[in-house]
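# Results of the structural survey
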Amino acid sequence: MRLEGLLSDDQLLDVIKNICDGDEWIYEDLEEKKEELLRGVELKERLKHIYESIKSWKEKFGTLSKHTVFVFVDSVSDPSALKIYDTRSLGCGTSLTPPRWKIYKRELKGKL
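These remarks concern the structure in this document. No experiment lies behind these values; they were computed from the predicted model shown. (Residues numbered from 1 in each chain as written. Predicted model: local features only at pLDDT ≥ 70, side-chain atom pairs only at ≥ 80, totals over all residues. Heavy atoms only, no water.)

Time to look at the pairing of strand S5 (residues 81-84). Relative to S5, strand S4 (residues 71-73) runs antiparallel, the two sharing three bridges. Looking at the pairing, Val-73 lines up with Leu-82 of S5. With four bridges joining them, S5 and strand S6 (residues 101-105) adopt antiparallel strand pairing. Its bridge partner being in S6, Lys-83 is matched across the sheet by Lys-102. (Pairing = 2+ DSSP bridges. Helix = DSSP H or I, 4+ residues; strand = E, 2+ residues; numbered from the N terminus.)

Below is the structure:
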């Protein structure tokens, strides 16, 4: 599955709007080694928190470009999978470290 980086942090708000409240999602926090099953409405709240964190990082770290991409999604208008990186990924050259979060619809388990 091909994921594309969001060129604007505000595009994550569009992704959030396009998540159906009743859909089931797998939310993996790879740093904390936790996996949860969330309904769309719960996922929206988590993503809003991540959105605020990204905005905070860009304000806090003076060397961080406003155009740094942290969020990758398969489709903004009909999302089914996201990979989200954090500041640990910065300065890694040509390859990204594993994402901080992997978020995908339940039916994609084992395929992402």
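The strand order across the open sheet built from six strands is S1-S4-S5-S6-S2-S3, with neighbouring strands paired in antiparallel fashion. Two strands lie at the open edges of the sheet, namely strand S1 (4-5) and strand S3 (34-39), each paired on one side alone. Packing of helix H2 (residues 40-60) onto the sheet brings it into contact with strand S2 (24-29), S3, S4, S5 and S6, and relative to S3 it is tilted by some 120 degrees. (Contact = heavy atoms within 4.5 Å. Axes fitted to C-alpha atoms, helices over the stretch in contact; angles between N-to-C directions.)

Our next topic: unusual backbone geometry. The residue Lys-33 is not glycine, and still its phi comes out positive at about 55 degrees. Here Lys-33 shows up in the loop between S2 and S3. Take Lys-33: its relative accessible area is 73%, and that puts it in the exposed class. (Buried < 20%, exposed > 50% of the residue type's maximum accessible area, 1.4 Å probe, protein only.)

The next thing to look at is H2. Because an α-helix completes one turn every 3.6 residues, residues spaced three or four positions apart along the sequence face the same direction. Helix length check: H2, at 21 residues, gives a terminal C-alpha distance of 30 Å against a target of 30 Å (1.5 Å per residue), a fit within 8%. When we look at burial in H2, the residues that qualify are Gly-40, Leu-43, Lys-44, Leu-47, Ile-50, Tyr-51, Ser-53, Ile-54, Trp-57 and Lys-58. Structurally, H2 contributes buried residues whose contacts are with helix H1 (11-17), S2, S3, S4, S5 and S6. (Expected span 1.5 Å × (residues − 1).)

Our focus in this paragraph is the pattern of salt bridges. By the definition in use, this model includes 17 salt bridges. Notably, a salt bridge pairs Lys-34 with Glu-32, separated by 3.5 Å at the nearest N-O pair. If you follow the salt bridges from partner to partner, you end up with Asp-29, Glu-31, Glu-32, Lys-34, Asp-86, Arg-88 and Arg-100 in one network. (Salt bridge = Lys/Arg side-chain N within 4 Å of Asp/Glu carboxyl O.)

Throughout the structure, instances matching the rule amount to two aromatic pairs. Seen from the ring of Tyr-27, Arg-46 lies directly overhead, with NZ or CZ sitting 4.7 Å from the centre. (Phe/Tyr/Trp six-rings, centres within 6.5 Å; stacked < 30°, edge-to-face > 60°. Lys NZ or Arg CZ within 6 Å of the ring centre and 35° of its normal.)

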